[in-house]
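So you can see what is in the structure, the chains are spelled out below.
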Amino acid sequence: MAAMSYIGIDLGTSSVKAVLVDNQQRLLASATAELSLHRPQPLWSEQDPADWVSATLAALGRLRDADLPAFRACRGIGLSGQMHGAVLLDDADQPLRPCILWNDGRSAAECAELEAAEPASRAITGNIAMPGFTAPKLAWVRRHEPEIFRRTRKVLLPKAYLRLFLTGETIEEMSDASGTLWLDVGARDWSDRMLAATELDRSQMPALVEGSQPAGRMRAELSRELGFDAPPLFAGGAGDNAAGAIGLGAIEPSDCFLSLGTSGVLWRTTERFEPRAERAVHAFCHAVPDRWHQMSVHLSAAASLRWWAGIVGSDEAALLAPLAGRADRPSPTLFTPYLSGERTPHNDPQMLGSFTRLAHETDREAMTQAVMEGVAFAFRDGKLALEGAGAAIDRALVIGGGSRSDLWLSILANVLGIPLERHADGDHGAAFGAARLARLACTGEPVRDICGKPAGEARRFDPDPDHVSAYDRHYLIWQQAARDSQGLR
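Residues numbered from 1 in each chain as written. Predicted model: local features only at pLDDT ≥ 70, side-chain atom pairs only at ≥ 80, totals over all residues. Heavy atoms only, no water.

Let's shift gears to the pattern of salt bridges. Evaluation of the coordinates by the stated rule reveals 32 salt bridges. A salt bridge links D67 to R72, with the shortest nitrogen-to-oxygen separation between them at 3.3 Å. Note on D67: relative accessible area 55%, which makes it exposed. Among the charged side chains, a network of salt bridges with common partners joins E46, R97, D104, R106 and E145. (Salt bridge = Lys/Arg side-chain N within 4 Å of Asp/Glu carboxyl O. Buried < 20%, exposed > 50% of the residue type's maximum accessible area, 1.4 Å probe, protein only.)

This paragraph deals with helix α14 (residues 364–387). Residue pairs spaced three or four apart in an α-helix point in one direction, given the helix's 3.6 residues per turn. For α14, spanning 24 residues, the distance from its first C-alpha to its last is 35 Å, which sits close to the expected 34 Å at 1.5 Å a residue. Of all the 24 residues making up α14, 21 are buried; the element is thus mostly covered by neighbouring parts of the structure. (Helix = DSSP H or I, 4+ residues; strand = E, 2+ residues; numbered from the N terminus. Expected span 1.5 Å × (residues − 1).)

Read across the open sheet, the seven strands follow the order β18-β19-β17-β16-β22-β23-β24; overall the sheet is mixed. The open sheet has two free edges, formed respectively by β18 (282–285) and β24 (458–461), since each of these has just one partner strand. Pairwise comparison of adjacent strand axes, ignoring direction, gives a mean angle of 30° for this sheet. Inspection of the sheet shows strand β23 (residues 420–423) paired to β24 by four bridges, in the antiparallel sense. Within β24, the position partnered with R422 by the bridge is R459. (Pairing = 2+ DSSP bridges. Axes fitted to C-alpha atoms, helices over the stretch in contact; angles between N-to-C directions.)

Looking at the largest pocket, its volume works out to about 1,100 Å³. For the lining of the largest pocket, the per-class residue count stands at 16 nonpolar, 20 polar and nine charged. Taken as a whole, the second largest pocket encloses approximately 380 Å³ of empty space. Lining the second largest pocket are 26 residues, and of these P253, S254, D255, C256 and R268 sit closest to its centre. Where the lining of the second largest pocket is concerned, the elements lending two or more residues are β17 (264–270), β22 (396–399) and β23. With three residues, β17 is the single largest residue contributor to the lining of the second largest pocket. Here the lining of the second largest pocket is built from residues that sort into eleven nonpolar, five polar and ten charged. (1 Å grid on protein atoms, 1.4 Å probe; cavity = no way out; pocket = protein on both sides within 12 Å on 5 of 7 lines; lining within 4 Å. Points joined across faces, edges and corners; volume = space filled by probe spheres on them. Nonpolar A, V, L, I, M, F, W, Y, C, P; charged D, E, K, R; others polar.)

Next up, the structure:
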């Protein structure tokens, strides 16, 4: 095969990341451009889609400025993106309002109304209607911004809007579409019944493809501006977690990984559609054909530590330094990480975060450790919910910005009671997975040939039996704090 290169673009919540990968799947260059998030009212979370475009062009410009021939020769681009966001477009494909994001909690009332309007909702979609999903956001807009709803001609997810700018095409893929509540997840097709429940129809939805299939080509004039030899082909791509799974090679049934990013995810690949909505476990399509997955989702994971760093006027590295990379015992302080409510297993956007068990001797280090442990306990809730939906989880790979902390992974291993593995090659996460999908779209190679597990030696974090016992006891105490955090707004 002739020398080829591929780009993966991950449209996250806090940044856009782009990576350039060669034919041997080696990372040649990477670039990041930051994003800001707006919270104009309690429970609201929004971004301006124009900021995604600017950040993406900036990240691609930085890759180009590395002056690598592989950039100019790039054959394909894959997109990964934050899920569930609602981008409402008029008949000229212009956004009618800021995007309502995945961690927005304003549409709780609309969730109940949606399930009442379509009693088969959970069977069709595999999920409880939650404010994070896209369909309840449109129901909220219909009620509170009726003129905008009336003018809405297309509804796109964040990465689909980015694709529209880059290619001129309105196309989405199965993994991201699964998080809208408009997809029949088992059939991998839009559900006319779910669309009707929000007074929408197929004409307002993008076309559907698999994540490894072709999905548009870069506009010729933009390709010239960016410096490509020829317009790259785009893959369908993936929602951020499915892209992370592709990057880790989590494509076989029972493959598991833990993502410690802004939000937190515990993922398990399945060979069929296996909904278990009663515990707020998500059941979605994977980004490759004939695969699905289950997830527990936690809305404030690394975001909790970032919030705490902002409160005390520090950065995260400075916060963790006094802890010296180890926790000999659980912090006497407790933290519940419900800064944006919670999904699994509570499905409660009204939950609030809290510190409890404070005393005169409580210091910043104890509270910092409590934040990390609170996130780990939330993951334990999610693990139990997932195991109620299938076999026990006995190990997991880890990705996400928070996974760079040895201390946090040690805490997680002890709280979850399973070994965790961090690969250096897994650090590129969703963007690397998107680049793999770009290659599949261009070449048509078998998925298993390209989506292998990370190469190289892994750093393994094993649970310590004494610490596991201590955290087992602490988890029982923390659960009461979690119960006390429900429905507080």
